[in-house]
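Structure at a glance
Single-letter residue listing:
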Amino acid sequence: MTGPGFHASVLTLYPEMFPGPLGVSLCGEALARGTWSLEPRDIRAFGRGRHRAVDDTPAGGGPGMVIRADVLAEAIDAAAPGDDPRPRLLMSPRGRPLRQDFVRELAAGPGALIVCGRFEGVDERVIEGRDLVEVSIGDYVLSGGEIAAMVLLDAVVRLLPGVMGAAASGEEESFEGGLLEYPHYTRPREWEGRAIPDVLLSGDHGRIARFRRDAARALTRARRPDLLGD
Ligand code: SAH
């Protein structure tokens, strides 16, 4: 990890999943330009024995397998030496819910080391011993952390300088300003009997801004009153 830009190291048992969807469109073009870098690292390279085992049965019994602390710690240490300033994240349904404010914070930093769990998860001691910050993308359980890591990286990369065509489109979006975004319309002016609201065609920028703010408030109140905090 060197130079300016956002540097992502992703520790995974399935490095072939990357860049995957991050290789196309805005994120993929920014990757090709060097605005950010992506280094998938195979946890199995640190596996034990002839079969490069990375997991073992849970202490205390129960279903599934757990990723070993020693194996994962070696993979982490090889990807990010002690003085690496990047935050170390572990994708996990138990984690801090991923929100736009944290995405913005990450985008302002040097990058991230992201650990993707599999099976029942990882040995608790490596979370403590390597200061992993657990991050969740929502209240449901995925089969692995890779898609969650892609979600996080997609959200971060689009905020990096120069990635979004119109810089302003980052500022008016959902969650910026604590509201859901106002509705969008484009041509044709009338479709299946539904017209674009007149005010949007009026050319009166003050009225348009008010219409959008009111619409954003109404939508947020109806769908996500928790965001209004009142
Ligand atoms: N037994 C665990 C779930 C393991 S799912 C539990 O009940 O908490 C396997 C892996 O998928 C996890 O280690 C994690 O890396 C990833 N994962 C699953 N759901 C996720 C979510 N909502 N957000 C982020 N990562 C998730």
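Quick summary incoming for the structure in this document.

Rules behind the numbers
The numbers attached to residues start from 1 for each chain and follow its sequence in the written order. Confidence filtering applies because this is a predicted model: local features only for residues at pLDDT of at least 70, side-chain atom pairs given and counted only at 80 or more, and all residues used for totals across whole chains, interfaces and linings. Here the side-chain values reflect all heavy atoms present in the structure, with hydrogen atoms and water set aside. Starting at the N terminus, helices and strands are each numbered in turn, a helix being any DSSP run of H or I of at least four residues and a strand any DSSP run of E of at least two. Type-normalised accessible area, obtained with a 1.4 Å probe on protein chains alone, sets the label of each residue: buried when under 20%, exposed when over 50%, and partly exposed for intermediate values. By definition, residues are in contact when any of their heavy atoms lie within 4.5 Å. The protein chains shown are the only cover counted for residues, whose accessible areas, like all others here, come from Shrake-Rupley with a 1.4 Å probe. Note on charges: Lys and Arg go in the positive column, Asp and Glu in the negative column, and His and the chain ends are not counted at all. Charged side chains are reduced to one point each, which is NZ for Lys, CZ for Arg, CG for Asp and CD for Glu. Following DSSP output, two strands are said to pair if at least two bridges run between them. Every angle, taken between N-to-C directions, lies between 0 and 180 degrees, and every axis is a line fitted to C-alpha atoms, over only the stretch in contact when it is a helix. Between N or O atoms, a polar contact is any pair within 3.5 Å; within protein, one atom must be a potential hydrogen donor and the other a potential acceptor, and residues adjacent in sequence are included only when both atoms are from side chains. Expected span, for any helix, means 1.5 Å times one less than how many residues it has. Each residue is tested against the molecule or strand, and it is near if at least one of its non-hydrogen atoms lies within 4 Å. The criterion for a disulfide is a pair of cysteine sulfur atoms lying within 2.5 Å. Within 6.5 Å between ring centres, the rings of Phe, Tyr and Trp (the latter by its six-membered ring) count as paired, and their orientation is classed by plane angle as stacked under 30 degrees, edge-to-face over 60, tilted in between. Should the NZ of a Lys or the CZ of an Arg lie within 6 Å of a ring centre and within 35 degrees of the ring normal, that charge is described as sitting over the ring.

Before going further, it helps to examine the overall build of the protein. Of regular secondary structure, the protein possesses six helices and nine strands. Principal axes of the C-alpha set define a box for the protein whose edges measure 70 × 40 × 35 Å. Split into buried and exposed, the 230 residues of the protein put 39% on the buried side. Considering only contacts within the protein whose residues lie at least 6 apart along the sequence, 72% involve residues at least 24 apart. When the accessible surface of the protein is totalled, it reaches about 13100 Å², and 52% of it is carbon and sulfur. For the protein, the separation between the mean place of its 28 positive charges and that of its 34 negative charges on side chains is 3 Å.

We now examine the sheet that holds strand β2 (residues 36–42). The pairing of strands in a sheet comes from backbone hydrogen bonds and takes either a parallel or an antiparallel form. Read from one edge to the other, the open sheet built from five strands follows the order β2-β1-β6-β5-β7, with strand pairing classed as parallel. Every other strand in the sheet has two partners, leaving β2 and β7 (133–136) as the edge strands with one partner each. Between one strand and the next, the sheet's axes are offset by a mean angle of 35°, whatever the strand orientation. Running over the sheet, helix α3 (residues 100–107) touches β1 (6–12), β5 (88–97) and β7 and is turned about 175° from β5.

Within the secondary structure, Glu146 sits in helix α5 (residues 146–157). Overall, Glu146 belongs to the buried group, its relative accessible area being 0%. Here Thr12 takes part through its side chain, which lies 2.6 Å from a polar atom of the side chain of Glu146. Leaving out residues up to four positions away in the same chain, Glu146 has contacts with Thr12, Leu13, Tyr14, Met17, Phe18, Cys116, Gly117 and Arg118.

Let us look at α5. Its twelve residues give α5 an end-to-end C-alpha distance of 16 Å, which sits within 8% of 16 Å, the value for a rise of 1.5 Å per residue. By the criterion of burial, α5 is predominantly enclosed, with nine of the twelve residues buried.

Turning our attention to the site of the ligand. Around the ligand lies a shell of 19 residues, among which Met91, Gly117, Gly138, Tyr140 and Leu142 are the nearest. For the ligand, a nitrogen atom lies 3.1 Å from a polar atom in the backbone of Ile137. Separating an oxygen atom of the ligand from a backbone N or O atom of Gly145 is a distance of 3.4 Å. Relative to its free-state accessible area of 560 Å², the ligand is covered by the protein chains to the extent of 84%.

Time to look at the state of the cysteines. With the rule as written, the count across this model stands at zero disulfides. Distance from the sulfur of Cys27, which forms no disulfide, to the nearest cysteine sulfur (Cys116) is 16 Å. Under the relative-accessibility criterion, Cys27 is labelled buried at 4%. According to the relative accessible area criterion, Cys116 is buried, its value standing at 0%.

What follows covers the packing of aromatic side chains. The way to describe two aromatic rings as a pair is by their centre distance and the angle between their planes. Under the defined criterion, the tally for this structure stands at zero aromatic pairs. Geometry around Phe102 places Arg96 over its ring, the cationic atom sitting 4.0 Å from the centre.

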